[in-house]
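# Results of the structural survey
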Amino acid sequence: EKPKQQKKKALNRKPLYATGAKNMPYDNVVRLIHEAYEVKILADQKDDANNRPRQSFTDFLRDFLVRKYGLKSIATKHLGEIVGSIQKHSDQSVIRLFGVISGMLDQQTWSPRTSDFVLNILRKTCDIEGRPVTTISEWLNGDKEAGISEDAAIFAASEVSTSRLSFMPISDNELAEIKLLPKNDVGGLLVHDFLLWTFDFLMSGRRRVKEGFMQLFVANDKNGDGVLEFGEFAALIKLIIPSDPTFELDERKVSALYDEAATMDDDDDDDSISKEAFAEMACTHTLVCPPEYIPPARTNLGNL
């Protein structure tokens, strides 16, 4: 049997990257980033139209580089060079944005939802402003201060924040923060700064919902021992399943969720689950936390 820590990593599927012997030049990385965004959004649209699951951004990136460079060995070499450049230039908005949605930076916060959320907002802003997705790379590479209107940014963020990709809808106070983001010379919101803000919003929502799930756990820990046994877990899961009709909950699904949560604990006890592990599992599977347990929103998301 594999050690618990190895099982935990396999279940969470956090991205693993190796740094190359040298760094890819900054300008080359930026051009590649924008090309990857365009190709990924187009691939997502095709998957959605054919009712297929979307490919995770990390898996997509490796396939994208193989198609671009022709050989897996050359693609792997360039990927390592990209990782090094991302780490070196992580203070730049365009680089940091790609780093967090690819998992090259902040690996512990990465999930497939991260890139889906951010790139859906980018696609939505293009739709609103009448910009074809097939021109994203040309647009972003041709204008180092590419901007979007406040109205497009607010509408896109509002709409995507009500989808299952988000942990909660965006509030009026959070929408007001968008207007304070950096702008270019013609008054447009700088695209990468805006998208980084949406990432911060998503992570803030995740923290709040996770705290809510932990409070829910405490409220339903009937004997107060700080852990849930299977019976307690199964009863609690039934309270937080999403209304999505595609989410089917049967005994096998409950058992699978229980096993997954148990592997997220740091101890060796597979017979019970801590509040931290329960909350992590619930967030991963987009379960629904009752709003009365969720703490209020924080402000200044960009400074988190």
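See the structure shown above.
The structure presented is a predicted model; accordingly, all values stated were derived computationally and were not measured. (Residues numbered from 1 in each chain as written. Predicted model: local features only at pLDDT ≥ 70, side-chain atom pairs only at ≥ 80, totals over all residues. Heavy atoms only, no water.)

### As for unusual backbone geometry
As a rule of thumb, non-glycine residues mostly have phi less than zero, and peptide bonds are mostly trans rather than cis. How we decide: Numbering of helices and strands runs from the N terminus, with a helix taken as a DSSP run of H or I at least four residues long and a strand as a DSSP run of E at least two residues long.
In this structure, Asn-51 is a non-glycine residue whose phi angle is positive, near 55 degrees. Tracing the chain through its elements places Asn-51 in the loop between helix H2 (26–49) and helix H3 (57–69). Here the phi dihedral of Thr-286 falls at roughly 55 degrees; this positive angle occurs in a residue that is not glycine. If you trace the backbone, Thr-286 turns up in the segment after helix H13 (275–284).

### What to know about helix H5 (residues 93–102)
Heads up, the condition is: Buried means the residue's accessible area, taken with a 1.4 Å probe over protein chains only, is under 20% of the maximum for its type, while exposed means over 50%, and partly exposed covers the values in between. Contact definition: two residues touch when any of their heavy atoms are within 4.5 Å.
Among the ten residues in H5, eight count as buried, and that is most of the element. Buried residues of H5: Val-94, Ile-95, Leu-97, Phe-98, Gly-99, Val-100, Ile-101 and Ser-102, and no others. Buried residues belonging to H5 abut H2, H3, helix H4 (72–88), helix H6 (112–128) and helix H10 (191–220). Where H5 terminates, the next one or two residues include Gly-103, which has phi positive at roughly 85 degrees.

### Some words on the pattern of salt bridges
Oppositely charged side chains may form a pair once their charged atoms are brought near each other. Condition: Whenever Lys or Arg places a side-chain nitrogen within 4 Å of a carboxyl oxygen from Asp or Glu, that contact is recorded as a salt bridge.
Following the criterion strictly, the structure yields 14 salt bridges and no others. Across the pair Glu-81 and Lys-77 runs a salt bridge whose closest N-O atoms are separated by 2.9 Å. On the criterion of helical spacing, the pair formed by Glu-81 and Lys-77 is a turn pair, its members being four residues apart in helix H4. Under the relative-accessibility criterion, Glu-81 is labelled buried at 6%. Lys-210 is the partner of Glu-280 in a salt bridge, and the nearest nitrogen-oxygen pair spans 2.9 Å. Of the two residues, Glu-280 is situated in helix H13 and Lys-210 in helix H10; the sequence distance between them amounts to 70 residues. Note on Glu-280: relative accessible area 17%, which makes it buried. Given a relative accessible area of 22%, Lys-210 falls into the partly exposed group. The network of salt bridges with common partners includes Lys-40, Asp-44, Asp-48, Arg-54 and Asp-116.

### Concerning the nonpolar core
Among soluble globular proteins, nonpolar side chains are generally buried collectively. What counts is decided by this rule: For this analysis, a nonpolar core means a set of buried residues of the types Ala, Val, Leu, Ile, Met, Phe, Trp, Tyr and Cys, connected via side-chain atoms within 4.5 Å.
The biggest cluster of nonpolar side chains holds 87 residues, and the ones touching the most others in it are Leu-122, Ile-178, Phe-213, Phe-233 and Phe-278. Ranked by residue count, the leading element in this core is H10, at 14 residues. Excluding residues within four positions of it along the chain, Phe-233 makes contact with Leu-228, Val-254, Leu-257, Tyr-258, Ile-273, Phe-278 and Met-281.

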